[in-house]
Amino acid sequence: MSAATSLDPVEALPAAMSCRDDWAARAAVIAEVAARHAQEVDREGRFPAEAVQAMRDSGLLAAWVPQSLGGPGLSLRQIAAMCAQIGGACGASGMIFAMHQIKLSSIVHHAGSSPWYQALQKRVVAEALLLGSVTSEVGVGGDIRRSLTHVVRDGDRFKLDKHGSVVSYGAYADALLITARADEQAPPNGQVMVTVLKDQYQLEKTGSWDAMGMRGTCSDAFMIRAEGACEQIFEAPFAEIIANTMLPVSHILWSSVWFGIAHSALLRARTHLRSVMKQSGGQLPAAATRLPDLVARVQVLHARLLSAATRFEATMAAGQGALPMSLTTDLTLLKSTMSEGCLAVVQEALTTVGFAAYKTEGAASLGRHLRDLHSAPLMINNARLIETMSSFLLMDPLQFGLA
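Computed from a predicted structure; not experimentally measured.

Participant: Kindly report on the packing of aromatic side chains, identifying the contributing residues and their values.
Facilitator: For the structure on display, the rule yields 5 aromatic pairs. Ring centres of phenylalanine 47 and tyrosine 172 lie 4.1 Å apart, and the angle between their planes is 0 degrees; this geometry places the pair in the stacked category. Linking phenylalanine 47 in the loop between α1 (22-44) and α2 (49-58) with tyrosine 172 in the loop between β3 (157-167) and β4 (175-181), this pair joins segments that are 125 residues apart in sequence. Each ring, one from tryptophan 116 and one from tyrosine 117, has its centre 4.8 Å from the other, and the planes form 80 degrees; the classification is edge-to-face. Here tryptophan 116 falls in the buried class, since its relative accessible area comes to 15%. With a relative accessible area of 1%, tyrosine 117 lands in the buried category. Feature note: the residues Trp116, Tyr117 and Phe234 constitute an aromatic cluster, connected by ring pairs.

What follows is the structure in structure tokens.
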């Protein structure tokens, strides 16, 4: 019985993280393809072309696009479930799927009424375009809320040059969403976001992605030279986009990928312990006593993720403007909790399994899981997030339900 249909509480993703419909079945196909190539993708540090092609074939790259524009208009929790499923099969493939959906959510929620962006959403449906992101920049120390480069406008046209320090799957994207200062006079945080199609920019590779984990994301550094029509510049300032959509959705979908990886590690640990018990004639392995704690940890992480996703989705449905401070804080703390908690689950699973998990190959190997999850606390560094949140939490603990 597959993980998508099993009633076993360990074997299957928790019910609230799965959706038993046609779209979920398509996500399962992507996960199966990703799993077949995950070890090779990790070993060679290559783009997971097979998994991404399966994403294109499935129609799920258009998951966020509303039905009025020809897309499936799936919910945030459905997309999060898919991120978990694909991430459990291959962390890099899951992260690429999540990053694409994050970019698409920004378009749907902040530029959806623009004729140019409505046409782009229809193209995502018809052509399965893969969207990439250039928010990082050489010289700003990882702070994506500041830019050095600026947009140069000339009538109804614009140009910009940006040196992206980490551009995930940039060489393989069909379009890039780029941040820059609105003009030469704008302050570093006076940013806008612009979408450019593949024939509107040139990439000059300036650095290679030879990382410990998430190797298949191919997050090389590039100098990007782009130009296009001013209608491709979001009307909403980037500060609004990142605060109300991009960052909250990032924290939820990234966390979903990490949860999928942790859940996969739990499955591998249990499968290994079952094998050891079978080989010993049914005697319970000593390490099996760690399993209840592992299951409990995964359940707690799932509950935390589901709670945050449900609350944010309800806020989106209500059409509120700026997110309440309490929700912003909750989603920020979600990121730090999930990134560290999922990593801890894999570390405990490795200890439970022993050297079979320490090996780089084999059904019980957890090296890829562990290395992929070591990136999680660094994606928007947890230390920076916690420092920011500490001052917020001191303002009024009542609004956060802490009193």
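Participant: Let's hear about the side chain of serine 336: which residues, and what values?
Facilitator: Position of serine 336 among the secondary structure elements: in helix α8 (residues 325-353). Serine 336 sits in the buried class, given a relative accessible area of 6%. Apart from the residues lying within four places of it in its own chain, the contact partners of serine 336 are Asn382 and Ile386.

Participant: Mind laying out the state of the cysteines, listing which residues take part and the relevant values?
Facilitator: Counting across every chain of the model gives 0 disulfides. In this structure cysteine 218 is a free cysteine whose sulfur lies 11 Å from that of cysteine 90, the closest cysteine sulfur available. Classification of cysteine 218 as buried rests on a relative accessible area of 8%. Summary of cysteine pairing: cysteine 342 is not part of a disulfide, and the nearest cysteine sulfur, belonging to cysteine 83, is at 13 Å.

Participant: Before we move on, could you go through the sheet that holds β3 and cite the residues and values that matter?
Facilitator: Taken together, 4 strands build an open sheet; the order of strands is β2-β3-β7-β6 and the sheet is antiparallel. Of all strands in the sheet, those bounded by a partner on one side alone are β2 (152-154) and β6 (201-207). The mean inter-strand angle of the sheet, taken between neighbouring strand axes irrespective of direction, is 15 degrees. As defined by bridge partners, β6 adjoins strand β7 (residues 220-229) across 6 bridges and the pair is classed as antiparallel.

Participant: Please set out unusual backbone geometry residue by residue, giving values where relevant.
Facilitator: In this model, alanine 128 sits at a positive phi of 55 degrees, which is unusual for a non-glycine residue. Assignment of secondary structure puts alanine 128 in the loop between α5 (115-127) and β1 (131-134). By relative accessible area, alanine 128 is classed as buried at 11%. A positive phi angle, close to 50 degrees, is found at methionine 214, a residue other than glycine. Position of methionine 214 relative to the elements: it lies in the loop between β6 and β7.

Participant: Describe α2, and please don't skip the residues or the numbers.
Facilitator: Along α2, the positions that sit buried rather than exposed are Ala51, Val52, Ala54, Met55 and Ser58. Around the axis of α2, the buried residues are gathered within 155 degrees of arc, so they sit on the same side. The inward-facing, buried residues of α2 contact α1, α3 (76-89) and α4 (91-110).

Criteria and cut-off values
Residues numbered from 1 in each chain as written. Predicted model: local features only at pLDDT ≥ 70, side-chain atom pairs only at ≥ 80, totals over all residues. Heavy atoms only, no water. Phe/Tyr/Trp six-rings, centres within 6.5 Å; stacked < 30°, edge-to-face > 60°. Helix = DSSP H or I, 4+ residues; strand = E, 2+ residues; numbered from the N terminus. Buried < 20%, exposed > 50% of the residue type's maximum accessible area, 1.4 Å probe, protein only. Contact = heavy atoms within 4.5 Å. Disulfide = S-S within 2.5 Å. Pairing = 2+ DSSP bridges. Axes fitted to C-alpha atoms, helices over the stretch in contact; angles between N-to-C directions. Arc of directions from axis to C-beta.

Read these as spatial facts, not as claims about activity.
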